[in-house]
Amino acid sequence: MLESNHRAALASIVGPAGFIVAPEDRAAYETAARYGGGKAAAVVRPSTAAQVCAVLRYCVQTGIRYIPQSGNTGLVSGSTPDDSGTQIILSLDRLRSAPGIDVADRTVQVTAGTRLSELNLALEPHGLFLPIDVSADPMIGGMVATNTGGARFLKYGDMRRHVLGLEVALPDEAGTLLQLSGGLRKDNSHLALRQLFIGSCGAFGIITAATLEVHPRPKQAVAAILVPRDEAAVIELLIAFESEAGECLTAFEGISGSAMRRALARFPSLRNPFPEAIPPYVVLMELASSSPCEPGGSTLEARLEAIVTRLAQRESAPVTDARFGQSGHLWAIRHSLSEALRLDGPVVGFDLSFRRGDVMRFRRAAIELLASEFPDYEVCDFGHVADGGVHFNLVGRGGFETDSQRVSELRTRVHTIAIEDFGASFSGEHGIGRANQSAYDHFIPTAIQRYSAAVSDVFSRIPAAAVRFGPPSVERSNS
Ligand SMILES: Cc1cc2nc3c(=O)[nH]c(=O)nc-3n(C[C@H](O)[C@H](O)[C@H](O)COP(=O)(O)OP(=O)(O)OC[C@H]3O[C@@H](n4cnc5c(N)ncnc54)[C@H](O)[C@@H]3O)c2cc1C
């Protein structure tokens, strides 16, 4: 709960429309897209960068803990408060203004509360887009803070690769607003401090605006779902497509049969590419090009079919079946997986990242182990195989009852195999957040934790409440 003097002070900074205390109005901010949520003392919604600075300065002066929140689509308990009712949600959803598009520079200046879909709508008439593809609609500030990856990382990379400049409000006594780089592609005149804020989940400061490099929209795209011969064939296929399709290969996503089956059952509008029987594992791949098809030239469809045919004719062919279809229909399956699992839940989710060659080896080891030790969970994984990403999702077979002790054992078991046996990361692209804090404390080397905590101290008098970059002993006091 927030004392009345704090309420009055915060409300005077952001105005009545920017200050929410009524429980029914707080609820949407307190509950996250994919996990429970917590209880906030209030939701504070600044509408300018200057207001963000003033709110942070007030938090520093008073010791009030805050949780930055943008689209609230994060998956690691980083954007919602704990259950104490003492933390405020610092929502950036009012930091929205029309994106400043520079067609000549192929860049855009965008405020933190702008939705990815809004930005892409504004870019579309210029033939441009921000090519980060997730099955959700996050805001730019949250995407920078988590360094969002997504399904087209293979071709375009993550948010880090697109951020040319940042505006960041620091949690310090002075209410500092840092302008980090002028949006230039090349600038070695000073340290690239903006890199420290990308992927730091708000622990160092609040992103209020960004300058992003954007890309020409594809003029043609084609997708297919391939059935690999066996596990080893998945990487064989990836290498073959990289060699044969080159820069046209834009996505290569693995989908387990169990995840696909649940999506098709949940959403009857999806078209089942395998009405006879769903294979145990498939790959959704896409070729795209920002060049138009030359008159009389070969289309991407023809190119894709020719590559698949060549691969299918090889001795010990890596592909045993292929389904072509409208790109949108195939991608609809991919984009409905997460929601289908949530509806079927409870889901114990992992956002693991491996060297590419280890993805299928880990999968086999983990599935075998879980079948014997945790038979009450079904593995329903999918992921960005081409960049080593696996959303290793486990769906409880017994309905919605969860035993937190057992879930904790399960998480430790999977993390231990992934990290100790395969050198994986426990956070490929979703950030840290409360959900990953114990893995961070356990698996990240002490030296890295100490240096990270020291960097955090440089920028923030009070780091955001849901992330802690140092061992507990190095965390700053918040009083
Ligand atoms: C169905 C679904 C599919 C997804 N698929 C992918 C995927 O393929 N790849 C991927 O990378 N992610 C994926 N995500 C996760 C999520 O979309 C990303 O983490 C997202 O980019 C977070 O953005 P957001 O605006 O929702 O941020 P939030 O969820 O609001 O916040 C995320 C984190 O950033 C901090 N934060 C938020 N705004 C700011 C700010 N302005 N300044 C500083 N810190 C801030 C928060 O405190 C929190 O720690 C998926 C999520 C869903 C629900």
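## Topic: the nonpolar core
By size, the foremost hydrophobic cluster in this structure holds 49 residues, and its most contacted members are Phe241, Met285, Phe362, Phe392 and Leu394. Among the elements that line this core, the one with the most residues is helix α8 (residues 231-245), at seven residues. Other than its neighbours up to four places away in sequence, Leu394 contacts Pro346, Val347, Val348, Phe350, Leu370, Tyr377, Glu378, Val379, Leu410 and Val414. By size, the runner-up hydrophobic cluster in this structure holds 39 residues, among which are Val108, Ile132, Ile198 and Phe469.

## Focus: the site of the ligand
Neighbouring residues of the ligand: 34 residues in total, closest Pro68, Ser70, Thr73, Gly74 and Thr148. The contact in question runs from an oxygen atom of the ligand to an N or O atom on the side chain of Ser79, over 3.4 Å. Protein burial of the ligand: of its 980 Å² of free accessible surface, 97% is covered by the chains. Going through the elements one at a time, β3 (66-69), α5 (140-146) and β10 (206-213) are the ones with two or more residues in the shell around the ligand. A total of five residues in the shell around the ligand trace back to one element, the largest contributor, which is α5. Among the residues making up the shell around the ligand, the classes are represented as 12 nonpolar, 20 polar and two charged.

## Considerations on the packing of helix α12 (residues 359-373) against helix α13 (residues 404-422)
At a closest axis distance of 11 Å, the pairing of α12 and α13 adopts a crossing angle of 150°. Regarding the angle of α12 to α13, the classification is roughly antiparallel. Once α12 is placed against α13, the crossing between them reads as right-handed. The segment α12 lies against α13, with Arg361, Phe362, Ala365, Ala366, Leu369, Leu370 and Glu373 engaging Arg406, Leu410, Arg413, Val414, Ile417, Ala418 and Phe422. Its residues assigned to classes, the contact of α12 with α13 comprises 10 nonpolar, no polar and four charged.

## Looking at the packing of α13 against helix α14 (residues 433-443)
For any two helices packed against each other, one specifies the crossing angle of their axes together with the interaxial distance. It is the contact of α13 with α14, at a shortest axis distance of 12 Å, that shows an interaxial angle of 45°. Taken together, the axis directions place α13 and α14 in an arrangement best described as oblique. The handedness of the crossing between α13 and α14 is right-handed. Judged by residue contacts, Arg411, His415, Thr416, Ile419 and Glu420 of α13 engage Ala435, Asn436, Ala439 and Phe443 from α14. Broken down by class, the residue content of the contact of α13 with α14 amounts to four nonpolar, three polar and two charged.

## Side note on the packing of aromatic side chains
As enumerated under the stated definition, the model contains 11 aromatic pairs in all. Of note, Lys155 hangs over the ring of Tyr156, and the distance from its end group to the ring centre comes to 5.9 Å. When the ring centre of Phe153 is taken as reference, the NZ or CZ atom of Arg161 above it lies at 6.0 Å.

## Some remarks on the pairing of β10
Buried residues dominate β10, accounting for eight of its eight residues. One ladder, built from five bridges, connects strand β6 (residues 107-111) with β10; its direction is antiparallel. When the sheet's bridge partners are listed, Thr111 is paired in β10 with Ala209. As defined by bridge partners, strand β8 (residues 163-169) adjoins β10 across six bridges and the pair is classed as antiparallel. Pairing of Leu166 across the sheet is with Ala210, part of β10.

## Points about unusual backbone geometry
Glycine aside, residues mostly have negative phi angles, and peptide bonds mostly take the trans form. For the peptide bond that leads from Gly345 to Pro346, omega is 5°, which places it in the cis range. You can see Pro346 is positioned in the loop between α11 (327-344) and β16 (347-348). We note that Asn72 has phi near 60°; this positive angle belongs to a residue other than glycine. Relative to the elements of secondary structure, Asn72 occurs in the loop between β3 and β4 (88-91). Within the chain, Cys201 stands out as a residue other than glycine whose phi angle is a positive 55°. Among the secondary structure elements, Cys201 is positioned in the loop between α7 (194-197) and β10. Taking relative accessible area as the criterion, Cys201 reaches 15% and is therefore assigned buried.

## Thoughts on the sheet that holds strand β21 (residues 394-396)
Taking strand neighbours across the sheet as the criterion, the three strands line up as β16-β21-β18 in an open arrangement whose pairing is antiparallel. Whereas interior strands pair on both sides, the edge strands pair on one side only; in this sheet they are β16 and β18 (377-379). Relative to β21, β18 is paired through three bridges, and the arrangement is antiparallel. Bridge pairing in β21 places Glu378 opposite Val395.

## Details of the environment of Thr114
Relative to the assigned elements, Thr114 resides in the loop between β6 and α4 (116-123). By relative accessible area, Thr114 is classed as buried at 3%. C-alpha separation for the pair Thr114 and Ile13, spaced 101 residues apart in sequence, amounts to 21 Å. Those residues in contact with Thr114 that lie beyond four places of it in its chain are Leu95, Arg96, Ser97, Leu119, Pro138, Met139 and Ile140. Polar contacts involving the side chain of Thr114 include one to the main-chain carbonyl oxygen of Thr111, which spans 2.9 Å.

Cut-offs and rules
Residues numbered from 1 in each chain as written. Predicted model: local features only at pLDDT ≥ 70, side-chain atom pairs only at ≥ 80, totals over all residues. Heavy atoms only, no water. Core = buried A, V, L, I, M, F, W, Y, C linked by side-chain atoms within 4.5 Å. Buried < 20%, exposed > 50% of the residue type's maximum accessible area, 1.4 Å probe, protein only. Helix = DSSP H or I, 4+ residues; strand = E, 2+ residues; numbered from the N terminus. Contact = heavy atoms within 4.5 Å. Near = heavy atom within 4 Å. Polar contact = N/O pair within 3.5 Å; in protein donor to acceptor, adjacent residues only side chain to side chain. Areas by Shrake-Rupley, 256 points an atom, 1.4 Å probe, with all protein chains shown as cover. Nonpolar A, V, L, I, M, F, W, Y, C, P; charged D, E, K, R; others polar. Axes fitted to C-alpha atoms, helices over the stretch in contact; angles between N-to-C directions. Parallel < 35°, antiparallel > 145°, perpendicular 65-115°, else oblique. Left-handed = near helix turned anticlockwise from the far one by under 90°. Phe/Tyr/Trp six-rings, centres within 6.5 Å; stacked < 30°, edge-to-face > 60°. Lys NZ or Arg CZ within 6 Å of the ring centre and 35° of its normal. Pairing = 2+ DSSP bridges.

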